[in-house]
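Fold and geometry: a report
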Amino acid sequence: MAYALLRNYIRPTATLFERQLGAMSSTLAAITTETAGAMEKVRPSSYLKDDQLRRAFVSTAVRKFSKKTAAPERAYNSDSDSDSDDEREAAPRRHRKQRGNSDFWRRKMRTLHGLLDVNKDGVISYDDFVLLTEKFASLGHLDTKAKDEFRAIMRTTWEQQWGEITPYNLVTVEQYLTEMHHVVNDRDLKKKVHRFLPYLYKAVDKDRSGSISLHEFKLFFRCLGLTEENAAVSFAVIDKNGDGQITLDEFVKLGKDFFVSEKETHVSRMFWGPLVDH
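Predicted model only: the values in this text are computed from it and were never measured.

**Comments concerning the nonpolar core**
- Judged by nonpolar contacts, the single largest core of 55 residues is most densely connected at Phe 136, Tyr 176, Phe 217, Phe 220, Phe 251 and Trp 272.
- Those elements giving two or more residues to this core turn out to be α3 (103-116), α4 (126-137), α5 (144-162), α6 (173-184), α8 (197-204), α9 (214-223), α10 (228-238) and α11 (248-260).
- Non-local contacts of Tyr 176, meaning those with residues more than four positions away in its chain, are made with Met 109, Leu 112, His 113, Leu 116, Ile 124, Trp 162, Val 171 and Phe 259.

**Points about the packing of α9 against α10**
- Viewed as axis vectors pointing N to C, α9 and α10 meet at an angle of 125°, and their least axial separation amounts to 9 Å. Taken together, the axes of α9 and α10 lie oblique to each other. Between α9 and α10 lies a crossing whose hand is right-handed. Along its contact with α9, which presents Leu 214, Phe 217, Lys 218, Phe 221 and Arg 222, the element α10 presents Glu 228, Asn 230, Ala 231, Ala 232, Ser 234, Phe 235 and Ile 238.
- For the contact of α9 with α10, the residue count by class is 7 nonpolar, 2 polar and 3 charged.

**Overview of the confidence of the model for the protein**
- For the protein, mean pLDDT is 77; residues scoring 70 or higher make up 65% of the total.
- Low confidence marks residues 38-51, where pLDDT is under 50. Its contacts with residues over four positions away, or in another chain, come to 0 contacts.
- Segment residues 53-91: pLDDT under 50, and 45 contacts once partners within four positions in sequence are set aside and those in other chains are kept.

**What to know about α3**
- With 14 residues, α3 should reach 20 Å at 1.5 Å per residue; the first-to-last C-alpha distance of 20 Å fits that figure.
- Among all positions of α3, only Phe 104, Trp 105, Lys 108, Met 109, Thr 111, Leu 112, His 113, Leu 115 and Leu 116 are buried.
- Residues of α3 that are buried in the fold lie against α4, α6 and α11.

**Section: unusual backbone geometry**
- Phi at Lys 120 is positive, roughly 55°, even though this residue is not glycine.
- Its place among the elements puts Lys 120 in the loop between α3 and α4.
- The class of Lys 120 is exposed, set by a relative accessible area of 55%.
- One non-glycine residue, Arg 208, lies in the positive phi region at around 55°.
- With respect to the helices, strands and loops of the structure, Arg 208 is situated in the loop between α8 and β1 (211-212).

**Overview of the packing of aromatic side chains**
- Under the definition given, this model contains 18 aromatic pairs.
- Seen from their ring centres, Phe 217 and Phe 221 are 4.8 Å apart, and the 40° between their planes marks the pair as tilted. One end of the pair is Phe 217 and the other is Phe 221, both in helix α9 and 4 residues apart, which spans about a single turn.
- Look at Phe 258 and Phe 259: their rings are 6.2 Å apart centre to centre, the planes differ by 90°, and that puts the pair in the edge-to-face class. Each member of the pair Phe 258 and Phe 259 is classed as buried.
- Here a set of aromatic residues connected by ring pairs shows up, and it is made of Phe 136, Tyr 201, Phe 217, Phe 220, Phe 221, Phe 235, Phe 251, Phe 258, Phe 259, Phe 271 and Trp 272.
- The ring of Phe 258 is capped by Lys 108, whose NZ or CZ atom sits 5.0 Å from the centre of that ring.
- Between Lys 202 and the ring centre of Tyr 199, over which it is positioned, the NZ or CZ distance is 5.9 Å.

The rules behind each value
Residues numbered from 1 in each chain as written. Predicted model: local features only at pLDDT ≥ 70, side-chain atom pairs only at ≥ 80, totals over all residues. Heavy atoms only, no water. Core = buried A, V, L, I, M, F, W, Y, C linked by side-chain atoms within 4.5 Å. Buried < 20%, exposed > 50% of the residue type's maximum accessible area, 1.4 Å probe, protein only. Helix = DSSP H or I, 4+ residues; strand = E, 2+ residues; numbered from the N terminus. Contact = heavy atoms within 4.5 Å. Axes fitted to C-alpha atoms, helices over the stretch in contact; angles between N-to-C directions. Parallel < 35°, antiparallel > 145°, perpendicular 65-115°, else oblique. Left-handed = near helix turned anticlockwise from the far one by under 90°. Nonpolar A, V, L, I, M, F, W, Y, C, P; charged D, E, K, R; others polar. pLDDT = per-residue confidence, 0-100. Expected span 1.5 Å × (residues − 1). Phe/Tyr/Trp six-rings, centres within 6.5 Å; stacked < 30°, edge-to-face > 60°. Lys NZ or Arg CZ within 6 Å of the ring centre and 35° of its normal.

In structure tokens, the structure reads:
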């Protein structure tokens, strides 16, 4: 009987406990499911952020590495056998060829030295620069301002290239060759080598039309001490399109190419007249 009473007491209690335990299990399951769902919603975002950070880090690292390992800039614009500065810029630096080493180029510089030696004493002095300037200025086609600018350019060119102005500062042929070899291989000096040419052009552009004819080109050669026959031959070569006119741009480019070109068939070889033999 005692056992029956105890059984009747425990059974309701056990049932109540099982109900509470079931309720707790349901609640716990709901919480677990809800938490797992929340975590699933959050996880992609977190992973996305982490992935973005990793990509950003790698991208930044690649950019930094690329900048550090970029190809070095060229020291100066080099030349190819085309003798054109524009075409030569595309040549890789390791294939750059130094200018001024050919016998042909030396012939051209010897020719120009002879023309700049206006008083024909075998050397170039500042007096020769003055004489050459006045020959072109005396043609009467430059206004006062242009004449002053021309004189200033010639003086600056002498001082920057040859030094002080004294009766004892004389430039021999070999000195001229050595200095011009340095000039045509120096990026900054090369840009200045032809800066006096526009004044020579304007001095002989008699009608100020912006282009010079054969007749006006003969004035150019006359100031250099050359003949009209020399002028006719040179003009026929350098007037590539055969229109009988040479523009300022063409004139300056031809004059510049004379300094830097080593191609014997280049038309600029005739810019300063016939070349000396040696």
